[in-house]
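Structural overview for review
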Amino acid sequence: MDIHGENEFKIKSYSNAAYTLDKLTEPLSDMSPSQLYAIRGIGEAIGKKIQEIIETKHLALLDEYIQKTPPGILEMLKIKGLGPKKIVTIWKELEIESIGELLYACEENRLVKYKGFGEKTQKNIQEALHFYLQHQGNYLYEEVENLATTLQNNLAIEFPNQQHIISGAFKRQMEWLGFLDIVTTLSETHLTAWLAAKNFTFEKKAGYISCKGEDNFELRWYLTTIENFFWTDFTLSCSPAFLDTWQALENFKMEAYQTEQSIFDQVGISYIPAPQRELATIIEKAKGKNLPKTIQPSDIKGIIHAHSTWSDGIHTLEQMAIAAKEKGYEYLIISDHSKSAFYANGLQADRIIEQHKEIDVLNKKLAPFVIFKSIESDILNDGSLDYPDEILANFDIVIASVHSNLKMTEEKAMMRLLNAVNNPYTSILGHPTGRLLLSRKGYPVNHEVLIEACAENNVAIELNAHPRRLDMDWRYIQAAVENDVLISINPDAHAIEGFDDCKYGVFVAQKAGLSAANNLSSFSLAEMLEFIEYQQAKRPQ
Ligand SMILES: [Zn+2]
Ligand SMILES: [Zn+2]
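To start, this report covers the structure provided alongside it. The model shown is predicted, which means the values in this text are computed figures rather than measured ones. (Residues numbered from 1 in each chain as written. Chains lettered and ligands numbered in written order. Predicted model: local features only at pLDDT ≥ 70, side-chain atom pairs only at ≥ 80, totals over all residues. Heavy atoms only, no water.)

**A short note on the coordination of the zinc ion (ligand 1)**
Looking at the zinc ion (ligand 1), the protein donor atoms are Glu376 (OE), His403 (NE2) and His431 (NE2), and they sit 2.1 to 2.2 Å from it. Counting residues between consecutive donors of the zinc ion (ligand 1) along the chain gives the motif E-x26-H-x27-H. (Donors = N, O, S within 2.8 Å, 3.2 Å for Na, K, Ca; no water.)

Spelled out as C-alpha cells, the structure:
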C-alpha cells in the first residue's frame, strides 16, 4: 500500500493490526466475529478482512496489490534498508524492477543522484543486496526441522524394510541449510513413484535425484545399496576437509560397512558425532580414546535471558516463572530491556524498583525456584551501560548487549564491546555480533581480542539460542573455552515458548564440542548462587 501511495492513516491501521496480531497467542479461527472486532487495534473493517482470510485463505485486496506490483519490486521489500519510499523511487524514477538491475545500478553509482540516496546509503544497499543474493534459497535449521523429522518418520512407516537417513547439513546441525540430503536404499522406481504421487517434481542430477515440492524446498535423494548405505551417509555428513583427512588415514580401506560405528572401528578412531565432523583436527583427538561428552538439551538447568511484559515480552513475569518451574528449570534470570531501548518499553529506574518488588513476592511463592534480578542493558554508543552504578548494583546479573547503531566499523564495535566487558557490573555479554542469520551480517568483531577481555574480566559470552541468532558463532567456542571463558546458552525468550529455543543453542554448541561444565546455564541453582557471589565481588565495594 505504501508503494502504491495509499492513504497514510489506512496504512497505519493495517500496520498496527499486524503488530497486534503478531503478539496474540490464541488462534483467531477460534474467535467469534464480535470477539475479533473487540481486539484493540482490529475493529470491524480489518476484522472482516481477517475473517475473509480464515474462510477463503485469501485476501482479495492483497491479491490486487500483488497483481499490480512487479515481482522484483516485491522482492526488494525483503532487503534490509530498503523501505517503501526508496523502493518507489527505484521503481518509478530509476525504472528498475529487479534485484539484479538494482545491484548493477549501485555498481554504476546511479543511485546517488536521487533524493534520499547518499553515497553511504547506496553502499549499504549494495551490501544488503549481495548478502541477500548469497543467502537466497537457504533456510534456518529450525525452519526445516519439522519437515526433516516428518520425512524420516514417513519413510520409516511407508518403507519399513528399507534404510533411510536424513544426512548432510541437517545431520551436521548446521545453523542454516539450502536443501535436505536423504540417503535411502529405495529403488529409483519406488522412489519416483512415491514422489510423483505426492506431486513433487523431480529431475536426475549427477549422483542424486533432486526434487521440489510446492514450497520449492529442495530434497536431494541419494540412492544406494545396503552395502554402501553407511558410507554414503558418512561422506555426506562431514566437512570436505574432514573427509579428505579420513580417506588418507593409514588403515582406511573402503568396504561394505554394516553400521556407522564400523567405519570408525576400521581405523581405530572413537565415534565422532556428525555435528563434530568439521575440523580435521578432531580425528587426531579421537584416536584410540573417547571424545569428551558434549552438552545435551537436558543439561540446561536454568533460563538465563528472558523478557516479560515489563518490557517487550508476551507473558507476564509470573507466567514466565511458573512455566520455567513447571518445565523443570531451577531458576529464571529475568532480563528485561533497559531504559534506552524505548522501542521495547525499556525499564526506567522507578519501574525497576516495582519489578523487584514483584520478584520478591514471587520468590516466596515459588521457592525453592528462584527468579534472579537481571537486566539486558543496552551498550550505549560510547560503550557505557544504560544506568549509573547505584542502579546497576541492584541487579544480581547484568547482561550487556548492543541494540542500537549496529552499522559500525570494527574499531567502533570493539570500543563499545570492550568498554562494556571492562565494566565491573557486566556478567554476561549478550549476542556478541548482533547478527541475524540469513538476513543481517552483524557488526565486525575481533573475537580473539574479545575473548581475551572476557577472560580477564570473568565475563561469560552468550550463545544466544534463538534460531535466527545463534550468536556467538560456534566456530569461536573452542577458543573461548581454552581461555576459561564460560559460554552461556540463553534463549532470549520473549514468551514461554521461547524457552524451548535452548535446544538450538545446544545443537550448535555440540558442533564445537562444548561440555556442560563450560556452560553457565547448566549451572545448578547452588552453582549459580556461587557465580553471582563471585560476580558481585568484582563490583566496587
Ligand atoms: Zn538483545
Ligand atoms: Zn533479549
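**A closer look at the coordination of the zinc ion (ligand 2)**
Note on the zinc ion (ligand 2): its protein donors are His305 (NE2), His307 (NE2), Glu376 (OE) and Asp492 (OD). The metal-donor distances range over 2.1 to 2.2 Å. Coordination at the zinc ion (ligand 2) is irregular: its four donor atoms span angles of 81 to 169° at the metal. A spacing of 3.3 Å is found between the zinc ion (ligand 2) and the zinc ion (ligand 1), which share Glu376 as a donor. Here His307, found in the loop between β8 (302-306) and α16 (317-326), pairs with Glu376, found in strand β10 (residues 370-378); they are 69 residues apart in sequence, far enough to count as distant. You can call Glu376 buried: its relative accessible area is 1%. (Tetrahedral: all angles 85-135°; square planar, octahedral: opposite > 155°, others 65-115°. Helix = DSSP H or I, 4+ residues; strand = E, 2+ residues; numbered from the N terminus. Buried < 20%, exposed > 50% of the residue type's maximum accessible area, 1.4 Å probe, protein only.)

**Regarding the packing of helix α12 (residues 226-236) against helix α14 (residues 260-267)**
Closest axis-to-axis distance for the α12/α14 pair is 8 Å, and the angle between their directions is 80°. Judged by the inter-axis angle, α12 sits roughly perpendicular to α14. Of α14, the residues touching α12 (which contributes Phe230, Trp231, Asp233 and Phe234) are Glu260, Ile263 and Phe264. Across the contact of α12 with α14, the residue classes break down as five nonpolar, no polar and two charged. (Axes fitted to C-alpha atoms, helices over the stretch in contact; angles between N-to-C directions. Parallel < 35°, antiparallel > 145°, perpendicular 65-115°, else oblique. Contact = heavy atoms within 4.5 Å. Nonpolar A, V, L, I, M, F, W, Y, C, P; charged D, E, K, R; others polar.)

**Some points on the nonpolar core**
It is characteristic of soluble globular proteins that their nonpolar side chains tend to be buried jointly. Within the largest apolar cluster, 90 residues are counted, with the highest numbers of intra-cluster contacts made by Trp221, Ile371, Leu417, Ile477, Ile489 and Phe499. With six residues, helix α22 (residues 502-511) is the single largest residue contributor to this core. Setting aside residues no more than four positions away along its own chain, Ile489 makes contact with Ile295, Ile300, Leu463, Ala465, Cys502, Gly505, Val506, Ala509, Leu514, Asn519 and Ser521. With 24 residues, the next largest nonpolar core counts Phe229, Phe230, Phe242 and Val267 among its residues. (Core = buried A, V, L, I, M, F, W, Y, C linked by side-chain atoms within 4.5 Å.)

**Remarks on the pairing of strand β13 (residues 460-464)**
Of all five residues that make up β13, five are buried, and the element is covered over most of its length. Sheet analysis places strand β12 (residues 428-429) next to β13, joined by two bridges and oriented parallel. Directly across from Ile428, in β13, lies its bridge partner Ala460. Taken together, β12, helix α20 (residues 447-457) and β13 form a β-α-β motif whose crossover is right-handed. By the bridge criterion, four bridges tie β13 to strand β14 (residues 487-490) in an arrangement that is parallel. Bridged to Asn464 within β14 is Asn490. You can see the chain leave β13, run along helix α21 (residues 477-482) and come back into β14, and the turn it takes is right-handed. (Pairing = 2+ DSSP bridges. Right-handed = clockwise from strand over helix to strand, strands pointing away.)

**Concerning the sheet that holds β8**
If you trace the seven strands from one edge of the open sheet to the other, you get β8-β9-β10-β11-β12-β13-β14, paired in parallel fashion. For this open sheet the edge positions go to β8 and β14, each flanked by a neighbour on one side alone. In this sheet, strand β9 (residues 331-337) lies alongside β8 in parallel orientation, the contact comprising four bridges. Of the residues in β9, the one forming a bridge with Ile303 is Leu332. Its contacts with the sheet place α22 against β8, β13 and β14, and it is angled at close to 145° to β14.

These figures come from the coordinates and say nothing about function on their own.
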